[in-house]
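An overview of the molecular structure
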Amino acid sequence: MTEVRPTTAASTASLWERDEEVAAVERAVDTLCADRASSGSVLVLRGEAGFGKTALLAETRRIAERRGCTVWSARGGETLRSVPFNVVRQLLQPALVSLMPEEAREYLGDWYDIAGPALGIADPGERQADPQGVCDGLVAAVRRLAKRDWPLVLLIDDAHWADQETLQWLAAFAERLDDLSVLVVVARRNGDVSGESARLLDTVAAASGRPVATLSALTPDATAGLTRATLGAHADAPFCREVWAVTGGNPYETVELLAKVRDSELQPTESAAAELRDLNRSARGGGLVARLEELGIDATRFAWAAAILGTGISVGLVARLATMRRDDAVRCAELLRTARILTEPDPANGPADEGDLEFVHPLIASAVYDSIPDALRTAMHGIAAQVVTDSGLGAAAASRHLLQVHPDDDEELVEQLREAAREHLAVGAPDAARRCLERALLEPPDPAVHARVLYELGCATLLTAPAKTIGHLQTALAITGLDDDERVDAVVRLSQALLHNNQLEEAVRAVEAEAARHEPGPAKLRLQAVHYMWEGVHAQESSSPGRSESLAALARTCTGRDNSERALLILRGFDAMTHGENAEEVAELCDRALVNGRLAPGLGWTDTEWGIELLLMLATAYAYTDRLDRAEALYSEGLRTYESAGWSGGHLALAHAYVGLAHRRRGRLREAETSLRESLRLAERVGRGLPLYWTATCNLVDTLLARGHVEEAWSIAGQYGFAPPYPSTIVLPDPRSVRGRLLLAVGRTKEGINELEAAEKAAAARGHHNPVLVPWAVDLARALATEDPTRAAQLATDVRRHAERFGTDTAVGEALRCAAALETGQRAVRLAAQAVAYLEASPCQYEHAAARVEYGIAARSTAELNRGLALARSCGADGLVARAREVLETGRGLR
């Protein structure tokens, strides 16, 4: 029989029959080292337990270091999946340890305060960290450090056991390697993962752009070659075949079995082959447990304590957990090393995790952990929690042990878990906080704090799981235990969760019912304000009877002395703006809600008492009353605040969308498109169908139409589902009006008219008569100019009446543009000239440019057309530029 021997590159026993995989690693490392500007890459290794994934990663380290690469490595752990950021912290240890705090701050820049707490190198801030922001911060941190340490190789072993926070970072990082020359090698088992973790690992694999390397068992020939290489060439064929039959070709089991054959001095002949099965059983499962017991009670206790710790296994820490003297612990550690159960960390696999020891293989660690009697294992986790706490590592570090302790009416444990949850939230790990609080509920908490735990659980899941938040907060409100302020806050947060879960009617009812329970005072006023706020963003077919009148009456009593009154003034201003009431009065209401022209303390963009919706209403009321300076200042402040705080989820998506809206109103169409595309990118991560997604899409379509990019606008609408049914919250500008204009632009005139008539019906039902905010009538009048000129003229008259009532230069100028488009001759010229006069005073430069071009065409004025052309170019209105140039180039009838 031909002896199968490993290649030079795969010279260790665990790398037999791994030539193809090693060659792929060598090619990837060569590509990495060849060009600093090359794109990064991902290699994924999959295989059953013991199939040599760890050995391949160790070989990858050796290959990379021989080429002069920097190598960072980390490993997931079966008992450590509940520890947030565990694996990414391991991965960054080499870089973090080498930096002084001031150097780390310099390298990470603005991301230091966002990602630093998750990495354990900075104290958390006062506010709950945004998990998406922390993930983005970690991506940015590794990208910056990778540029310093090129060529960089990242090795992640047992990724199927990685914590979810690390997997979220890894998935995001793997998708952003186009412009970063880094090699990422990930090893994972075929199973042992499901749900969100499985989805994230699939994302990593997809980012690799190459087939996943699936490791197979050794063939009989390879097993024979490995047997003879280990025991000698005299090992006979029957013996070699039995080694393969007993181990199934599992490389790890083969290596371990051959080591035991060698240690027992068993001769590798056919006559001894029958003993192989017993030897193999002693290497795993029950056989391993029996072998451990043979080493004595103390060694068994030591191994159990090491398995409970899972990471950072030091003799001293194990001795404390196993309650044994240090000299006894040293002796046990040596026994377990000799028995190939524990070993010293291999320097080739990277730095040890603050420990002197590790298990020889994860299979052994799992077998030892599973062998601990259930009651004793639970008790040891409780002791481990105390040991970790006494070591000064904090409640969050101890929480993974507390999660394993049986419920026992322990109020101290409840408080520890609550504190751990607060620590997890502070670093951006809401899922870890949720697990702690859910476990606290099982204890159970004392009735006096039960509702508070539910309330804290609802707050922990607000940003990540609104449906769960609803259940927790509803239960908290159904029992006693919350004081008045906590109860009001819980109701407000419940309404926010209902809103984010697209249950706006339920949100309105919940706040309304709670407000009815309170006597007049600050709490009732706050609830009334929130009630009006949710009704104000509800895109229902009709407003509640008398809503605007009652809101106006309540706002008349407000002087702006506290935030509840300021909120009511904002809501009244927004309501008046949507109804097209006098713009000066709208702006005056909004001004009264400010303190010295700025947001009041407690009403900031990251303050949780009121939320983002109220501030967007304030800024938008300014935006549509031609106070664009104030609107832009507020939108930009929100964007800067979210970026500096690391909030890169839905809040940042909305901030970019409204900055884009401000650019669009101002006439900076290129800038608007850039902001809105970024908003849509962020909104995609949060989830389709949500109000923020509609806001980004609607504004982008509107901007592309203004630019004259009709085909692209149509493509975006199709790609992102910009079509009925519309969301339950209002979207600005009105999506029916924007979609109607889009349909007209692509030549689907009848459908466009139908959509605009639907917008007319919806606006009438809600009393939305602001012709700039809901511009259906202008486009419908133009569309009907030929087939129904009488109705078109009436629509133009109504638009002008509403515009003059509202009173802004933009509204009146746009109404005059519409009227001019329906006329001919000198009347059209006079109306177009009036439109130019109003829009020249307006801050909306695109509308001004359009009016100039239309006036130039009507008046046959070369000068006006050139002025319009210059304005259109500055706005980025390519369609308007093309129209003006066409008329100028033909020159027919121009003066």
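Preceding this paragraph is the structure being described.
Overview of the structure. (Residues numbered from 1 in each chain as written. Predicted model: local features only at pLDDT ≥ 70, side-chain atom pairs only at ≥ 80, totals over all residues. Heavy atoms only, no water.)

For the structure on display, the rule yields seven aromatic pairs. Among the aromatic residues, ring-to-ring pairing joins W605, Y642 and W647 into one connected group. Positioned above the aromatic ring of W610, the side-chain terminus of R526 is 5.7 Å from the ring centre. (Phe/Tyr/Trp six-rings, centres within 6.5 Å; stacked < 30°, edge-to-face > 60°. Lys NZ or Arg CZ within 6 Å of the ring centre and 35° of its normal.)

Moving on, we get to the pairing of strand 1 (residues 41-46). Counting buried positions along strand 1 gives five out of six residues, so the element sits mostly inside the fold. Both strand 1 and strand 5 (residues 213-214) contribute to a ladder of two bridges, which runs parallel. Bridge pairing in strand 5 links R46 to T214. (Buried < 20%, exposed > 50% of the residue type's maximum accessible area, 1.4 Å probe, protein only. Helix = DSSP H or I, 4+ residues; strand = E, 2+ residues; numbered from the N terminus. Pairing = 2+ DSSP bridges.)

The next point concerns the sheet that holds strand 3 (residues 152-157). Adjacent strands of a sheet form backbone hydrogen bonds with each other and so pair up, either parallel or antiparallel. In space, the five strands of this open sheet follow the order 2-3-4-1-5, with parallel pairing throughout. For this open sheet the edge positions go to strand 2 (70-75) and strand 5, each flanked by a neighbour on one side alone. Together, strand 1, strand 3, strand 4 (182-188) and strand 5 form the strand contacts of helix 1 (residues 19-34), whose direction differs from that of strand 4 by roughly 155°. (Contact = heavy atoms within 4.5 Å. Axes fitted to C-alpha atoms, helices over the stretch in contact; angles between N-to-C directions.)

Grouped together as the largest cluster of nonpolar side chains are 162 residues, with contacts concentrated most on W534, Y635, V701 and W776. Counting residues per element, this core draws most heavily on helix 30 (residues 612-623), which supplies 10 residues. Apart from residues no more than four positions distant in its own chain, W776 is found in contact with S737, L756, A759, E760, A763 and L795. Listed in part, the 53 residues of the second largest apolar core include L92, L170, F173 and V186. (Core = buried A, V, L, I, M, F, W, Y, C linked by side-chain atoms within 4.5 Å.)

Another point: unusual backbone geometry. Peptide bonds are mostly trans, and most non-glycine residues show a negative phi. The omega torsion of the bond from W150 to P151 falls at -5°, within 30 degrees of zero and hence cis. On the secondary structure map, P151 appears in the loop between helix 6 (131-148) and strand 3. A cis amide bond, omega -10°, links E443 with the succeeding residue P444. In this structure, P444 sits in the loop between helix 21 (430-442) and helix 22 (447-461). A positive phi angle, close to 65°, is found at F85, a residue other than glycine. Residue classification places F85 among the buried residues on the basis of a relative accessible area of 4%. Phi is positive for D158, which is not a glycine, with a value near 50°. Looking at the secondary structure, you find D158 in the loop between strand 3 and helix 7 (164-174).

Another point: the side chain of E581. Mapped onto the elements, E581 comes out in the loop between helix 28 (563-578) and helix 29 (583-592). Those residues in contact with E581 that lie beyond four places of it in its chain are R572, A576, V586, R805 and F806.

We now examine the packing of helix 32 (residues 650-666) against helix 33 (residues 669-686). Angle between the axes and distance between the axes: these two values describe a pair of packed helices. Viewed as axis vectors pointing N to C, helix 32 and helix 33 meet at an angle of 160°, and their least axial separation amounts to 8 Å. Overall, the two elements helix 32 and helix 33 adopt an arrangement that is roughly antiparallel. In this structure, helix 32 meets helix 33 at a crossing whose hand is left-handed. Here G650, L652, A653, H656, A657, V659, G660, H663 and R664 of helix 32 lie close against helix 33, whose contacting residues are L669, E671, A672, S675, L676, E678, S679, L682, A683 and V686. Taken together, the residues of the contact of helix 32 with helix 33 break down into 10 nonpolar, six polar and three charged. (Parallel < 35°, antiparallel > 145°, perpendicular 65-115°, else oblique. Left-handed = near helix turned anticlockwise from the far one by under 90°. Nonpolar A, V, L, I, M, F, W, Y, C, P; charged D, E, K, R; others polar.)

Overall, the coordinates contain zero disulfides when judged by the stated rule. The thiol sulfur of C436 is not disulfide-bonded, and the nearest other cysteine sulfur, from C459, lies at 16 Å. Cysteine C698 remains unbridged, with the sulfur of C844 as its closest cysteine sulfur at 16 Å. Among the residues examined, C698 registers a relative accessible area of 0% and is labelled buried. (Disulfide = S-S within 2.5 Å.)

With that settled, the discussion passes to the packing of helix 10 (residues 237-247) against helix 11 (residues 251-264). Two numbers describe how helix 10 lies on helix 11: the axes approach to 9 Å, and their chain directions differ by 130°. As summarised for this structure, helix 10 and helix 11 are arranged oblique, according to the angle between their axes. Seen along the crossing, helix 10 lies across helix 11 with a hand that is right-handed. For the pair helix 10 and helix 11, the contacting residues are F239, V243, V246 and T247 in the first and E253, T254, L257, L258 and V261 in the second. For the contact of helix 10 with helix 11, a count of residues per class yields six nonpolar, two polar and one charged.

Here we take up the pattern of salt bridges. In the structure shown here, the tally under the stated rule is 66 salt bridges. Between D878 and R707 there is a salt bridge whose closest N-O contact spans 3.3 Å. Taken as a pair, D878 in helix 44 (residues 878-890) and R707 in helix 34 (residues 691-707) lie far apart in primary sequence, 171 residues in all. Note on D878: relative accessible area 35%, which makes it partly exposed. Note that E864 and R867 form a salt bridge whose closest N and O atoms lie 4.0 Å from each other. Residue E864 and its partner R867 are both found in helix 43 (residues 862-875); the two are separated by three residues, about one turn of the helix. Exposure remark for E864: the relative accessible area of 13% places this residue in the buried category. Given the relative accessible area of 43%, R867 is considered partly exposed. When salt bridges with common partners are traced through the structure, they connect D298, R301, R325, D327, D328 and R331 into a single cluster. (Salt bridge = Lys/Arg side-chain N within 4 Å of Asp/Glu carboxyl O.)

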